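Here's the letter readout for the chains.
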Amino acid sequence: MKVYNTLSRQKETLEPIKSGLVTMYSCGPTVYNYAHIGNLRTYVFMDLLRRALRADGYKLKGVMNVTDVGHLMSDADDGEDKMAKAAAEQHKRPEEIAAYYTEIFMRDIARLNIGKPEIVAKATDHIDDMIAYVEALVEKGYGYETSDGIYFDIGKFPEYGKLSRLNLDDQIAGARVEVNTEKRHPADFALWKKAPKEHIMQWPSPWGMGYPGWHIECSTMSRKYLGDVLDIHTGGVDHIPVHHENEIAQSEALVGHKTVDYWMHGEFMLVDGGKMSKSLGNTYTLDQLAERGYEPLDFRYFCLNAHYRKKLNFTFEGLSAAQTAHRRLKTLVAACREANAVTPSDVLEKARADFRQAVDDDLNIPLALGVLWTLLKNPPAKDIYETALAFDKVLGLSLDKAQAAPAPQIDDIPDEIRAIAEERFAARKAKDWAKSDALRDELAARGYAVVDAKDSYTIKKA
Ligand code: AMP
Ligand code: ZN
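None of these values were measured; they are calculated from a predicted model.

## Describing the pattern of salt bridges
And then number 1: For the structure on display, the rule yields 30 salt bridges.
And then number 2: The closest approach of N and O atoms between Asp361 and Lys11, which form a salt bridge, is 2.8 Å. Residue Asp361 is found in the loop between helix 11 (345-360) and helix 12 (365-375), and its partner Lys11 is found in strand 2 (residues 10-13); the two are separated by 350 residues along the sequence.
And then number 3: A relative accessible area of 32% means that Asp361 is categorised as partly exposed.
And then number 4: In this structure, the salt-bridge partner of Lys193 is Asp148, at a minimum N-O distance of 3.9 Å. Taken as a pair, Lys193 in strand 8 (residues 190-194) and Asp148 in the loop between strand 6 (143-146) and strand 7 (149-152) lie far apart in primary sequence, 45 residues in all.
And then number 5: Of the residues examined, Lys193 reaches a relative accessible area of 12% and is grouped as buried.

And the structure:
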């Protein structure tokens, strides 16, 4: 498989450290609110990648974190902790807020057929590991203490900025006026924050009561579960300039070498061509789509139609079109289930090869979907059904649950009309054309039309 590595800005052939196994870390949700459809797009991407790897025969060891502490209102170190803020606003304990939104997140991803990674790790379950990590960084000279926390000294890490390829001086010039004058460098970031007495989440540490920075959780948990080097790290593109840059700095400072072989990032979802934001009232949840009559898998289909590295503009028009296409796809697949035609083997083989080639080319799922549509242009056949189900291991659209189109509704045809139609059909079989025509006229006079097929007929309201 070829994957686009954000670090090299190139498609590279995936070569896992251990043959046959892919280790993968995915930045998970911050559970202070409902996941919106933009967040969910990023996890659909993660899921497609996992399914594609599995289809290629790899075993997976995936870790996803659940951020329930330390993520401040800005991705840098500004503002309140998102969890603490939500807890204060809703008069709940942060643990209650986290448990509530984690459960809804897990339900949402299940509804989207997004498989849970093998390990799901909560930040607050790893406070001791994070403290040990920060201590090790301080010991190695990468961390220093100020009156409000422990900071990473990016001056000691000259490669800082290599993922985003941002010039540090430009970043600083563009940065807002620095409030924290104790920091050695404006881009130094918090590894650990000292907590004021009233702060709602705090733990004892060598630096007094406090709480971890957001970035340290991913460095700590990825190393704990996946070791010093892992194969693939995923997240949304917004993570590139701060969160992942900081993760790289921490991890490489600690172990002394590269810790991630392939960085992969999902592009953003826009709404009506613009940014999705709560203040604009254009962040939708899966439940809100359901209220408008869209199934979760209609939304998944909508996501599948765009390459993960392309911005995807969400509109209800686009979602409706996806719903229509998704329904048609299911109907076509279901029609193949019991069909006894036989598809030439070269047609099936070409479809399988084209599908795999598309998926293995940096997850070109829109092209792979196109291969399925092309295959379905052939006469319905059980072998096409089986091929579609094999493709669906990657697509994740539950095509095996697709229902055949309902039989045409004839229930509203009154019995006496049916009786006339039956009599006419018998006359027709007996080649009594005069009688057959007379009965057809009678049906027409009563407002019904008969459409003849070779050995059957249908009646319709005229
Ligand atoms: P958060 O819960 O804020 O940490 O975000 C969870 C995931 O959603 C992260 O991987 C973000 O990069 C991603 N994300 C946030 N907004 C969007 C968006 N509009 N489109 C796609 N992904 C997003
Ligand atoms: Zn992360």
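## Topic: the coordination of the zinc ion (ligand 2)
Perfect tetrahedral coordination of a metal by four donors corresponds to 109.5 degrees between them, and perfect octahedral coordination by six donors corresponds to 90 or 180 degrees.
And then number 1: Bound to the zinc ion (ligand 2) on the protein side are Cys27 (SG), Cys218 (SG) and His243 (NE2), at distances that span 2.0 to 2.2 Å.
And then number 2: Taking relative accessible area as the criterion, Cys218 reaches 0% and is therefore assigned buried.

## Remarks on the state of the cysteines
And then number 1: With the rule as written, the count across this model stands at 0 disulfides.
And then number 2: With no disulfide of its own, Cys303 lies 19 Å from the sulfur of Cys27, the closest cysteine sulfur.

## Considering the packing of aromatic side chains
And then number 1: Taken as a whole and judged by the stated rule, the model has 17 aromatic pairs.
And then number 2: Ring centres 5.2 Å apart and planes at 80° place the aromatic pair Phe314 and Phe316 in the edge-to-face group.
And then number 3: An aromatic cluster is built from Tyr284, Tyr294, Phe299, Phe302, Phe314 and Phe316, whose rings are joined through pairwise contacts.
And then number 4: The ring of Tyr144 carries Arg184 above its face, with NZ or CZ at 4.1 Å from the centroid.
And then number 5: When the ring centre of Tyr4 is taken as origin, the NZ or CZ atom of Arg309, which lies over that ring, is 3.9 Å away.

## As for the side chain of Glu252
And then number 1: Positionally, Glu252 belongs in helix 7 (residues 240-255).
And then number 2: On the accessibility criterion, Glu252 (11% relative accessible area) is buried.
And then number 3: A polar atom in the side chain of Glu252 sits 2.9 Å from the side chain of Lys162.
And then number 4: Residue contacts for Glu252: discarding those within four places in its chain leaves Phe157, Lys162, His257, Lys258 and Thr259.

## Things to note about the nonpolar core
And then number 1: Judged by nonpolar contacts, the single largest core of 124 residues is most densely connected at Leu53, Phe152, Phe299 and Phe314.
And then number 2: Among the elements that take part in this core, helix 1 (residues 37-55) stands out by supplying 10 residues, more than any other.
And then number 3: Sequence-distant contacts of Phe152, that is, excluding residues within four places in its chain, are made with Leu137, Tyr142, Tyr144, Phe157, Asp188, Phe189, Leu191, Ala249, Gln250 and Ala253.
And then number 4: By size, the runner-up hydrophobic cluster in this structure holds 11 residues, among which are Ile420, Phe425, Tyr448 and Tyr457.

## Examining the pairing of strand 4 (residues 59-66)
And then number 1: Among the 8 residues of strand 4, 6 are classified as buried, and the element is accordingly described as predominantly covered.
And then number 2: In the sheet, strand 3 (residues 21-26) pairs with strand 4 via 6 bridges, with the strands oriented parallel. Bridge assignment links Val22 to a residue of strand 4, and that residue is Leu60.
And then number 3: Across 4 bridges, the pairing between strand 4 and strand 5 (residues 119-122) is parallel. Its bridge partner lying in strand 5, Met64 is registered against Val120.

## So, the sheet that holds strand 9 (residues 210-212)
And then number 1: Read from one edge to the other, the open sheet built from 4 strands follows the order 6-7-8-9, with strand pairing classed as antiparallel. Edge positions in the sheet fall to strand 6 and strand 9, since each has one partner strand and no second. If you compare each strand with its neighbour and ignore which way they point, the axes differ by 20° on average.
And then number 2: Alignment of strand 6 against strand 7, held across 4 bridges, turns out to be antiparallel.

## Concerning the packing of helix 1 against helix 13 (residues 382-395)
And then number 1: The geometry of helix 1 relative to helix 13 is characterised by a closest axis approach of 7 Å and an angle of 135° between their N-to-C directions. Relative to helix 13, the element helix 1 lies oblique. Here Leu48, Arg51, Ala52 and Ala55 of helix 1 lie close against helix 13, whose contacting residues are Asp392, Lys393, Val394 and Leu395.
And then number 2: Across the contact of helix 1 with helix 13, the residue classes break down as 5 nonpolar, no polar and 3 charged.

## Considering the sheet that holds strand 5
And then number 1: Ordered by their spatial adjacency, 5 strands build an open sheet running 5-4-3-10-11, and the pairing between neighbours is parallel. For this open sheet the edge positions go to strand 5 and strand 11 (260-266), each flanked by a neighbour on one side alone. Here the strands of the sheet are splayed against their neighbours by 20° on average, with no regard to which way each runs.
And then number 2: Strand direction decides the pairing type here: strand 10 (residues 230-236) and strand 11, joined by 6 bridges, are parallel. Looking at the pairing, Ile232 lines up with Tyr262 of strand 11.
And then number 3: The strands that helix 1 touches are strand 3, strand 4, strand 10 and strand 11; relative to strand 10, the one it contacts most, it runs at about 155°.

## Considerations on the site of ligand 1
And then number 1: The full set close to ligand 1 counts 15 residues, and Thr30, Gly38, Thr42, Asp238 and Met269 are the nearest of them.
And then number 2: Thr30 is positioned with one of its backbone polar atoms (N or O) 2.9 Å from an oxygen atom of ligand 1.
And then number 3: With respect to ligand 1, the side chain of His239 contributes an N or O atom lying 3.5 Å from an oxygen atom.
And then number 4: Coverage of ligand 1 by the protein chains reaches 91% of its 500 Å² of free accessible surface.
And then number 5: A majority-of-atoms criterion places ligand 1 in the largest pocket.

## Here we look at the pairing of strand 15 (residues 457-461)
And then number 1: Relative to strand 15, strand 14 (residues 448-452) runs antiparallel, the two sharing 5 bridges. Residue Ala449 lies in a different strand from strand 15, and its bridge partner there is Lys460.
And then number 2: Between strand 14 and strand 15, which pair antiparallel in sequence order, lie 4 residues.

About the criteria used
- Residues numbered from 1 in each chain as written.
- Chains lettered and ligands numbered in written order.
- Predicted model: local features only at pLDDT ≥ 70, side-chain atom pairs only at ≥ 80, totals over all residues.
- Heavy atoms only, no water.
- Salt bridge = Lys/Arg side-chain N within 4 Å of Asp/Glu carboxyl O.
- Helix = DSSP H or I, 4+ residues; strand = E, 2+ residues; numbered from the N terminus.
- Buried < 20%, exposed > 50% of the residue type's maximum accessible area, 1.4 Å probe, protein only.
- Donors = N, O, S within 2.8 Å, 3.2 Å for Na, K, Ca; no water.
- Disulfide = S-S within 2.5 Å.
- Phe/Tyr/Trp six-rings, centres within 6.5 Å; stacked < 30°, edge-to-face > 60°.
- Lys NZ or Arg CZ within 6 Å of the ring centre and 35° of its normal.
- Polar contact = N/O pair within 3.5 Å; in protein donor to acceptor, adjacent residues only side chain to side chain.
- Contact = heavy atoms within 4.5 Å.
- Core = buried A, V, L, I, M, F, W, Y, C linked by side-chain atoms within 4.5 Å.
- Pairing = 2+ DSSP bridges.
- Axes fitted to C-alpha atoms, helices over the stretch in contact; angles between N-to-C directions.
- Parallel < 35°, antiparallel > 145°, perpendicular 65-115°, else oblique.
- Nonpolar A, V, L, I, M, F, W, Y, C, P; charged D, E, K, R; others polar.
- Near = heavy atom within 4 Å.
- Areas by Shrake-Rupley, 256 points an atom, 1.4 Å probe, with all protein chains shown as cover.
- 1 Å grid on protein atoms, 1.4 Å probe; cavity = no way out; pocket = protein on both sides within 12 Å on 5 of 7 lines; lining within 4 Å.
- Sits in = over half its atoms within 2 Å of the grid points.

This is a description of form; function is not addressed.
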